Each structure stands twice: as C-alpha cells, then as structure tokens.
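Structure at a glance
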Amino acid sequence: MFEYLAPSRRDLPLHDPIFLANAEAQRRKAEGIDVVNATLGSLVDDRGNLVVLDTIADVLRDLSPMESAPYAPITGHPEFLRALIQRHWPKHDGSGAGCSTPGGSGALSTSLRNFLEPGMSLLAAAPCWGPYRVLARENGVGFETAPFPEAGKALDGEAWSGALDKLMKAQGRVLLWLNEPCHNPTGHSLTREDRQVLISALRRAAQSGPVTLILDCAYLDYTTEPAHVREALDQYAELGEEGRVLVGGALSISKAFTLYGGRGGALVFPWCRETQLQAALANACRGTWSTAPLAPQSVMMRIARDGKLQARLAAEHRHWSEVIASRALALDGALRAEGLAGCAWRGGFFITLRLDRPAETTEALKGQNAFVVPMPEGVRIGICALQAELAPR
C-alpha cells in the first residue's frame, strides 16, 4: 500500500483497456507478426498509416507562432466558439454560453462539475464509450444507463422514462450524455421517431427538475448519409430553443480534423445566454487546465474564414466516409458468410457486435492476432482502422 495517496486514490487500474490492447497489437506488429488492430478510434488508411487530413495538415503548418504559442483566453476565442457552433448549427448566430476545452473529453468532464454535485449520478446510453465511466468516477459521480436501440429496433421509451424518473426522484436533477447521431460504439443513429420519443421523455422529466442534455458530437463528419445528421441536430436545436431542457454540445475536432493530439474542443450552450452559466464555465476552466490549447482554435478559425478550405475539407470527409462505409460493408459480408448476423452502420468510427461472452471472444481473437475492444454488451470494432480486405479475419 502506498500510504501517501489518499485512500480513495489507491488500487486504481494502471492502464486504459483500449490503449492497452492497442499497445499489445503494436508490440506484435513490431515483432513482424501480421496483426489486425481495430482498437483505437483513429482513422487509418489501407496501408495501415494514420490519416491526417491534407487540408488540416496544410493549415497547421501555415500557422504563425502567434497563432499557437500564446495563451488562449480562459474560455477560448469567441471566434472559435462561434465557428464551432455554426459548424454544427449553420443557421445559428454562434452566440450562447460556452468554453473551449481540451477535446471532447474535457467538455464532458466540465459538464459533470457544473451540472451534478458529488455523489449524484450521470445518465448515458448503453453501450457507450468506456471512458465515460472513468470520467464519472474521477468527478465523484455515479453512472447509470438506458439502452441505445439495436439496428432495426425502436427506442425503449419506457426504459428511458424509468431511468430519467429514477434519477430525478433520487437527486432532483438529470444530466444526460448522448453520443448521437453516429453513435460510438454501435455506428447507429436514432430514427426521427426514436428521437421524438426520447425528447418527449426529457420534457416530462423537466417538469420535475432541471434536465441537461449534452450532445457528445465527435463523429458527425463520417457518414454517407449527411441528411440524417442534419435532421438529428435540427431536432435537438428545436428542443434547445424551447428552453425547457438545457441543451448543450460537447464539440470535438479531434476526429473531424484528425487532430487527436491537438486537444481541440468546446462545451457550448447555443440556446442559453445565462451569465451565471458562463461564469461557472470560466471558473471550471481556470481551476482545471487554465486555458485550452490555442493551435486547434486557430486552425478552426482559419477554416471558418475560408470557403475554399471548407469545400476542400468537406471533400476529404466524403472520401473517407466512403472508405469507412466500404469497410463496414466488407465486415457485414464476412459475418454473414460465417452464418452470423451482419452489422449495420450509419456513421462514425465503430460498429458493435453484440455477444454473450465478449471477454472470451476478445481473447480468442487475440490468439489469431486480431484485436478488438470488449464491452459488457459485446465487442467494439474500429472500422476506422480495419482495412476491407482484413474483415474476414
């Protein structure tokens, strides 16, 4: 026992399971073993190299020292926040409360500190990104889930209403994180009808106390059906404009710009201009990381000012969306050829295979030098990194 640590900080896991699996895959690859690595959420080309979008690489190289070296304002450059909001909701004027954060995870963590007290619980859809639980634990809050529907099935409205009511009765408020559309880890999105059922449940819960919905937006650029993304964001905008539910966005450019290590993101509330909220966000930033990195903000601002750069970036997103779609199709075909259920995909970097014994399946795949991420509901496969020809393995 290391007595210098506070008791609550002892006996924590040393390694993140996703990064641990990736490290093992990389080690075997370095030894000359032919591996299939579908662990991390990073876009990889068909030669196995990390993709950095050309548009972003060019803008990043062109930044002046004054666009990357100074401190950014504590809550981020207003122009950056406005550009990021309008990238998701183009008809919005870009105003509202908000702050820049180190990536989407920084935005999510900030929401926990501002909308829940220690000992309360967060609500999220299951399956979900594993580090959601870590973020909750590190901020002293519990973690509850409601089911994200499988492909072709409707949202379980009763389960969602029950989860919302349970938390509202226990703690007088609800904070919901929702990674939708282009859900991580399933690759699905809610239908318009599913979304309306969920929104109605949120409205009902809000009659009993404050309800905050944080849209975890990370993968929206990677889909061959952009209209379904627009429809979803517009539905959530209507909810935000009503004012009965506080709707915010944890907006990340890690995936959108392939700037994973740049740590660019923001927590924004486009339909709320409450001064107390802005003050709370400013204090959370100052008391945690002080200021978020400037360089990714500068990249975002440059692109927002240049229509040609925006068109070039959109073309790259279309190309890589088609690549990911072809990989999903190849995996679907490979599964069906083995007599298994296929895998539906509408967007994002992942699909989920629902299995009864995910840990055993993961270990069996490791024995064949294929690496995936186990979850309680099955295994997550990063099709962002799974070349189509490797799908049969």
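Above: the structure in question.
All of the points below concern the structure found in this document. Counting of residues starts from 1 at the beginning of each chain's written sequence and follows it residue by residue. Local features in this predicted model are restricted to residues whose pLDDT is 70 or higher, and side-chain atom pairs enter the listing and the counts only when it is 80 or higher, whereas totals over whole chains, interfaces and linings include all residues. To obtain the side-chain values, all non-hydrogen atoms of the structure were used and water was disregarded.

**Digging into the overall build of the protein**
Segments assigned H or I by DSSP are reported as helices when at least four residues long, segments assigned E as strands when at least two residues long, and all are numbered from the N terminus. When you go through the protein residue by residue, the secondary structure sums to 12 helices and 12 strands. Taken along its principal axes, the extent of the C-alpha atoms in the protein is 55 × 55 × 50 Å. Relative accessible area decides the class of each residue, using a 1.4 Å probe on protein chains only: under 20% of the type maximum gives buried, over 50% gives exposed, and in between gives partly exposed. Burial status across the protein gives 53% buried among its 393 residues. Counted over contacts in the protein with a minimum sequence separation of 6, partners at least 24 positions apart contribute 75%. Whether two residues touch is decided by their heavy atoms; if any such pair falls within 4.5 Å, the residues are in contact.

**Let's talk about empty space enclosed by the protein**
Detection works on a 1 Å grid of protein atoms alone, calling trapped sets that fit a 1.4 Å probe cavities and calling open sets with protein on both sides within 12 Å along at least five of seven lines pockets, with lining residues defined by an atom within 4 Å of a point. Grid points are joined across faces, edges and corners, and a volume is the space filled by probe spheres set on the points. Per the counting criterion, the structure on display carries 1 cavity of 30 Å³ or more. As a volume, the largest cavity reaches approximately 40 Å³. What lines the largest cavity is simply A125, C128, W129, Y132, W177, L178, N179, H183 and N184. Gly is put with the polar residues, along with every residue not named as nonpolar or charged; the nonpolar set is Ala, Val, Leu, Ile, Met, Phe, Trp, Tyr, Cys and Pro, and the charged set is Asp, Glu, Lys and Arg. Split by residue class, the lining of the largest cavity holds 6 nonpolar, 3 polar and no charged.

**Describing the side chain of N37**
Position of N37 relative to the elements: it lies in strand β1 (residues 36–37). One polar contact links N37 to N22, side chain to side chain, over a distance of 2.8 Å. Discounting chain neighbours no more than four positions away, the residues touching N37 are N22, A25, Q26, F371 and A385. By the criterion applied in these results, polar contacts are pairs of N or O atoms within 3.5 Å in which, for protein atoms, one can donate a hydrogen and the other can accept it, and in which residues neighboring in sequence qualify only through two side-chain atoms.

**What to know about the packing of aromatic side chains**
Stacked, edge-to-face and tilted are the three classes for Phe, Tyr and Trp ring pairs, Trp counted by its six-membered ring, which pair at centre distances within 6.5 Å; planes under 30 degrees apart are stacked, over 60 edge-to-face, the rest tilted. In total, this model carries 9 aromatic pairs according to the counting rule given. On the basis of an interplanar angle of 65° and a centroid distance of 4.9 Å, the ring pair of Y132 and W177 is categorised as edge-to-face. Of the two residues, Y132 sits in helix α5 (residues 131–138) while W177 sits in strand β5 (residues 174–178), which places them 45 residues apart along the sequence. Of the residues examined, W177 reaches a relative accessible area of 0% and is grouped as buried. Residues F349 and F350 carry aromatic rings whose centres are separated by 6.5 Å and whose planes lie at 65° to one another, so their mutual orientation is edge-to-face. Across the pair, F350 and F349 agree in class, each one buried. Ring-pair connections join several aromatic residues into one group, and the members of that group are Y219, Y222, F349 and F350.

**Examining the sheet that holds strand β9 (residues 350–354)**
Taken in spatial order, the 3 strands of this open sheet run β9-β12-β11, and their pairing is antiparallel. In this open sheet, the two edge strands, each paired with only one partner strand, are β9 and β11 (373–375). With strand direction ignored, the average angle separating the axes of adjacent strands in the sheet is 30°. Of the strand pairs in this sheet, β11 and strand β12 (residues 378–382) are connected by 3 bridges, and their pairing is antiparallel. Looking across to β12, one finds that V373 is bridged to R380. A pair of strands is treated as paired once DSSP finds two or more bridges between them. Lines fitted to C-alpha atoms define the axes, with helix axes restricted to the stretch in contact, and inter-axis angles between N-to-C directions lie between 0 and 180 degrees.

**Description of a nonpolar patch on the surface**
To count toward a patch, a residue needs a relative accessible area above 30% and no salt bridge. Like charges then connect within 9 Å, nonpolar side chains (Val, Leu, Ile, Met, Phe, Trp, Tyr) within 5 Å. Residue burial considers only the protein chains on display, and all accessible areas are found by Shrake-Rupley using a 1.4 Å probe. Whenever a carboxyl oxygen of Asp or Glu lies within 4 Å of a side-chain nitrogen of Lys or Arg, that contact is scored as a salt bridge. A cluster of nonpolar side chains, contributed by F2, Y4 and L5, occupies part of the molecular surface with about 380 Å² of accessible area. When you line up the elements, Y4 lands in the segment before α1 (17–30).

**Here we look at unusual backbone geometry**
In this structure, P181 follows E180 across a cis peptide bond, with omega equal to 5°. Structurally, P181 can be placed in the loop between β5 and α7 (192–206). Of the consecutive residues N184 and P185, the connecting peptide bond is found in the cis state with omega at 20°. Tracing the chain through its elements places P185 in the loop between β5 and α7.

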